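# Per-entry structural report
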Amino acid sequence: MKKSQKYILWFKEISSKDICLVGGKNASLGEMLSKLSRNGVNIPDGFSLSTRAYWYFLRKNKIDKKLKEIFKNFNPANLKSLQETGQAARTLILKAEFPEDLKREIEKAYKKLSKKYREENADVAVRSSGVCEDAPEASFAGQFETFLNIKGKDKLLTAVKKCLASTFNDRVIAYRQEKGFPQLKFALSVGVQKMARSDLASSGVMFTLDTETGFDNVVLINSIYGIGELIVKGKITPDEFYIFKPTLKQGYRSIILKNLGRKTRKYIYHKKGGLKEVNVLSSKQLKFSLTDDEILTLARWALVIEELYKIPQDIEWAKDGKTGELFIIQSRPETVHALKKGRVFEEYQIKTKKPPLLRGTAIGDKIGFGKVRLIPDVSKISQFKKGEVLVTKMTDPDWLPIMRNCSAIVTDEGGKTCHSAIVSRELGIPCIVGTERATQILKTGKLVTVDCTQGLNGRIYLGKVSFKIKRYDLKKIPKLKTKIMINIGAPEIAFKTSFLPNDGVGLAREEFIIAEKIRVHPLALYHFNKLRNKVIKKKIENITIEHKDKKEYFIKELAEGIAQIAAAFYPKEVIVRFSDFKTNEYRNLIGGELFEPKDEANPMLGWRGASRYYDEKFKPAFLMECQAIKRVRDVFGLKNVKVMIPFCRTVEEGKKVLTIMKKAGLERGKNGLEVYVMCEIPSNVILAEEFLKIFDGMSIGSNDLTQLALGIDRDNAYLQKIGDERNLAIKKMVSKVIRLCKMKKKYCGICGQGPSDLPEFAEFLMKEGIESISLNPDTVIKTILNLAKLKK
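Residues numbered from 1 in each chain as written. Predicted model: local features only at pLDDT ≥ 70, side-chain atom pairs only at ≥ 80, totals over all residues. Heavy atoms only, no water.

## Concerning the pattern of salt bridges
If you walk through the whole model with that rule in mind, you get 49 salt bridges. A salt bridge links arginine 171 to glutamate 145; the shortest N-O distance between them is 3.2 Å. With a gap of 26 residues between them, arginine 171 in helix α7 (residues 170-179) and glutamate 145 in the loop between β3 (124-130) and β4 (146-150) connect regions that are remote in the sequence. (Salt bridge = Lys/Arg side-chain N within 4 Å of Asp/Glu carboxyl O. Helix = DSSP H or I, 4+ residues; strand = E, 2+ residues; numbered from the N terminus.)

Below you can see the structure in the form of structure tokens.
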């Protein structure tokens, strides 16, 4: 019998060509089973109820004609009409009976599947598979029904019928209407798949790109304990892992980021079938739900699946707690970024200094504003008006009919993978989740501005805050002979910033990672077990709770922050400057008062930069920085990282630091490691030839160089009128360094604020023939366009 004539098709019989017969989900499972099993990718077996069976079911029960009558009176603009139409259509299907021959075939296939797994009644997942589902241009994912831990033929038949009825869920009808699909033209297939016992282990989703930015050189894995459906509920935060694709392919263990989630609850099997929610043991909550080896295995499988389909993928996976095996449950095209074509860079810029009313996790990078509509539960969604800001505890697929009409969405609960986050990404709506108190603070009718422009730091302001949107066609941005690099400190903006025209990173600052992510003085971590201050010790314990070894906390967090930046711009050069906090800044870190002088008369000229690294008191902290860099280069494979020594007053200081680095495994010239020195002190200019004998190049720090050459305290606003980088003394010093570096064939760049703020200074640098100019992200395009005019 031909495939097109069958009611039941096993996964091994079908491929991606059979979407019309078995829907996108089932077709993908068949394709992967036949093409990827030989590559070691595990996929649980199963069968599908074909679209022919769907039409047969409708015809035998005379439902097809009745549905036409029901949809005659459907008014898509009326929420009540949507609800009444959906209810009537679903009731028709649920009250109908399976034709006997179709029923027998389903039961026979289920018996065969159970026998394969040596079970009397196999536990299966019953999933809807739409003909239009999982297409890149439209995703019905999560809108049809899925039923898990189904055992026995009677429960299977009920679950199949409920899946068929879900083609007329209110949210599905609304989505079809929005996308312009006919309501009655497309059939639904149902997949029946053996479940992996993830209730005894872990499960989750993974994407072959970063879901926030579309950066496609990473695999993102989300993982929780138990069955994965709890991820989208938003009540828990999954463990999050980023794996860098290019160096993974080279054999490196390139897990560049591991964030421990808040996994307090999980779904397990209910004895009567289906699932139940239970607490996760507190001892397990502080452990990752996957090992590093399992993370890397899943990431390699993700690459194989992406290679098969040639487009980014959204993949569900599970770990069987009985066997310890990993499985791929399904894969579909990633629908948010897959269709974004053209090289347009969009920049939202908000203008305010007032503090936000609320904070949470930002989804996307836009700004929205409107009147608040507080809706406590889905039964009240008819109160919502187009253009309002939806404020609620958490959404699920039933909220979809109003979500597409929101100017912004704000929730109390949820993380980056909750339902609100997933839908708002697809719709391009600004969304802030996990605010905890939005429903208590925001009142219906109040005007608010929802700001998602600061990475993951979502901010909600009372009233309308002015902002502007800049759009650049990157195809029209000219290429300059002078390298344009970027100054960056915050790892979370690195992926998006990499889309700007650039030649790499001229200054990656460690200070932001230490102050914002680590927050603890490195020596307080190094000497943690010897600390006597109980208050400080408790603070550190709370921050580093997942780490018994507090030194490892510092190394891990610093390495991961640097790795995100290096991965974003790979294989372009990324110059990482070792820490350059002043004494007062170090003292502000937790535990800082235990290790820093109480009052340093002039921290700007004090114990900073290179002078710290070889000091016996601070050296253990510098060695931890070296370990972090070594991990980035040797474990993650990011050899594009170069390092830079700041505030190096003498050549002798430089030699001491290089000796310490060598002993720590960071030897200049070995494995392509280049070491630069900041040129920011007059002695660096005067003795430039000597410095260039021991370093691979110089990066001009124009902020400090101007301060020290002109004797102006750069923090004193009153004195700034005296001079800046355009002063002739500064320009002569800069010219000398550029000339010497070119003569010695050494790197010469600038990473100070000057070229970002002063267009004429940037022009001067280009005329002098500097190799690279490193700019703040918001001035990159503007500066390129200005310099391009000069070139003409």
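Having put the structure on the table, let's press on.
## Quick notes on the sheet that holds strand β2 (residues 46-49)
Hydrogen bonds between backbone groups are what pair the strands of a sheet, and the pairing can be parallel or antiparallel. Across the sheet, 5 strands lie side by side as β1-β2-β5-β3-β4; this open sheet has antiparallel pairing. Whereas interior strands pair on both sides, the edge strands pair on one side only; in this sheet they are β1 (8-10) and β4. The sheet shows a mean angle of 20 degrees between the axes of neighbouring strands, taken without regard to direction. Looking at chain direction, β1 and β2 are connected through 3 bridges and run antiparallel. In the strand pairing of β2, tryptophan 10 is matched with phenylalanine 47. Of the strands in this sheet, β1, β2, β3 and β5 (188-194) touch helix α1 (residues 19-36), which is tilted by about 125 degrees from β3. (Pairing = 2+ DSSP bridges. Axes fitted to C-alpha atoms, helices over the stretch in contact; angles between N-to-C directions. Contact = heavy atoms within 4.5 Å.)

## Notes on the pairing of β4
Counted residue by residue, β4 has 4 buried out of 5 residues, so it is predominantly covered. Pairing between β3 and β4: 3 bridges, direction antiparallel. Residue pairing for β4: arginine 127 is matched across the bridge by threonine 146. (Buried < 20%, exposed > 50% of the residue type's maximum accessible area, 1.4 Å probe, protein only.)

## Details of unusual backbone geometry
Of the consecutive residues tyrosine 570 and proline 571, the connecting peptide bond is found in the cis state with omega at 5 degrees. With respect to the secondary-structure elements, proline 571 resides in the loop between α18 (550-569) and β25 (574-577). Phi at asparagine 149 is positive, roughly 55 degrees, even though this residue is not glycine. In this structure, asparagine 149 sits in strand β4. The class of asparagine 149 is buried, set by a relative accessible area of 2%. Here the phi dihedral of arginine 519 falls at roughly 70 degrees; this positive angle occurs in a residue that is not glycine. Given the relative accessible area of 40%, arginine 519 is considered partly exposed.

## Focus on the packing of helix α25 (residues 702-710) against helix α26 (residues 728-743)
Running from amino to carboxyl end, α25 crosses α26 at an angle of 125 degrees, the nearest separation of the two axes being 10 Å. Classified by the interaxial angle, the pair formed by α25 and α26 is oblique. By crossing handedness, the relation of α25 to α26 is classed as right-handed. The segment α25 lies against α26, with Leu705, Thr706, Ala709 and Leu710 engaging Ala729, Ile730, Met733 and Val734. Tallied by class, the residues present in the contact of α25 with α26 amount to 7 nonpolar, 1 polar and no charged. (Parallel < 35°, antiparallel > 145°, perpendicular 65-115°, else oblique. Left-handed = near helix turned anticlockwise from the far one by under 90°. Nonpolar A, V, L, I, M, F, W, Y, C, P; charged D, E, K, R; others polar.)

## Looking at the packing of aromatic side chains
Taken as a whole and judged by the stated rule, the model has 21 aromatic pairs. Each ring, one from phenylalanine 71 and one from phenylalanine 168, has its centre 5.7 Å from the other, and the planes form 45 degrees; the classification is tilted. Note that phenylalanine 71 is positioned in helix α3 (residues 63-72) and phenylalanine 168 in the loop between α6 (153-165) and α7, a separation of 97 residues in sequence. Residue classification places phenylalanine 71 among the buried residues on the basis of a relative accessible area of 12%. These aromatic residues form a ring-pair network of at least three members: Phe581, Tyr586, Trp607 and Phe618. The ring of tyrosine 225 has lysine 284 sitting right over it, with the charged end atom 4.5 Å from the ring centre. Geometry around phenylalanine 618 places arginine 612 over its ring, the cationic atom sitting 4.9 Å from the centre. (Phe/Tyr/Trp six-rings, centres within 6.5 Å; stacked < 30°, edge-to-face > 60°. Lys NZ or Arg CZ within 6 Å of the ring centre and 35° of its normal.)

## Quick look at the nonpolar core
In terms of nonpolar packing, the biggest core is built from 113 residues, with Phe578, Ile645, Met661 and Ile700 touching the most fellow members. Here this core takes 12 residues from α18, the largest share from any one element. Contacts of isoleucine 645, omitting those with residues within four sequence positions, involve Phe578, Ala610, Tyr613, Val657, Met661, Val675, Tyr676, Val677, Met678 and Phe695. By size, the runner-up hydrophobic cluster in this structure holds 45 residues, among which are Phe57, Leu102, Val126 and Cys163. (Core = buried A, V, L, I, M, F, W, Y, C linked by side-chain atoms within 4.5 Å.)

## Considerations on α6
Under the 1.5 Å per step criterion, the end-to-end length of α6 is 18 Å for 13 residues, consistent within 8% with the ideal 18 Å. Among all positions of α6, only Leu156, Leu157, Ala159, Val160, Lys161, Cys163, Leu164 and Ala165 are buried. (Expected span 1.5 Å × (residues − 1).)

## Comments concerning α18
Helix length check: α18 (20 residues) gives 30 Å between terminal C-alpha atoms against 28 Å at 1.5 Å per residue, within 8%. Counting buried residues in α18 gives 18 out of 20 residues, a clear majority hidden from the surface. Backbone nitrogen of lysine 551 and a side-chain oxygen of the N-cap are separated by 3.0 Å at the start of α18; the cap is aspartate 549. (Polar contact = N/O pair within 3.5 Å; in protein donor to acceptor, adjacent residues only side chain to side chain.)

## Digging into a positive patch on the surface
A contiguous patch of positive charge, built from Lys60, Lys62, Lys65, Lys66 and Lys68, is present on the exposed surface. Among the elements that line the positive patch, the one with the most residues is α3, at 3 residues. Note that lysine 68 resides in helix α3. For lysine 68, a relative accessible area of 55% puts it in the exposed group. (Patch = residues over 30% accessible without salt bridge, like charges linked within 9 Å, V, L, I, M, F, W, Y side chains within 5 Å. Areas by Shrake-Rupley, 256 points an atom, 1.4 Å probe, with all protein chains shown as cover. Lys, Arg positive; Asp, Glu negative; His and termini not counted. Charge placed at Lys NZ, Arg CZ, Asp CG, Glu CD.)

## Looking at the side chain of aspartate 45
Structurally, aspartate 45 is set in the loop between α1 and β2. Classification of aspartate 45 by relative accessible area gives buried; the value is 10%.

## Focus: the sheet that holds strand β8 (residues 239-244)
Read from one edge to the other, the open sheet built from 6 strands follows the order β9-β8-β7-β6-β12-β13, with strand pairing classed as antiparallel. Edge positions in the sheet fall to β9 (255-259) and β13 (326-333), since each has one partner strand and no second. The sheet shows a mean angle of 15 degrees between the axes of neighbouring strands, direction not considered. On top of the sheet, helix α10 (residues 292-309) reaches β6 (202-207), β7 (218-225), β8, β9, β12 (313-319) and β13; it is set at about 35 degrees to β13, its chief contact.

## Comments concerning the environment of threonine 247
Here threonine 247 shows up in helix α8 (residues 245-249). The buried category is assigned to threonine 247, whose relative accessible area is 0%. When the C-alpha atoms of threonine 247 and tyrosine 269 are compared, they prove to be 39 Å apart, with 22 residues separating the residues in sequence. Beyond its immediate sequence surroundings of up to four residues, threonine 247 is in contact with Tyr252, Ser254, Tyr570, Phe636, Gly637 and Leu638. Here phenylalanine 636 takes part through its backbone oxygen, which lies 2.8 Å from a polar atom of the side chain of threonine 247.

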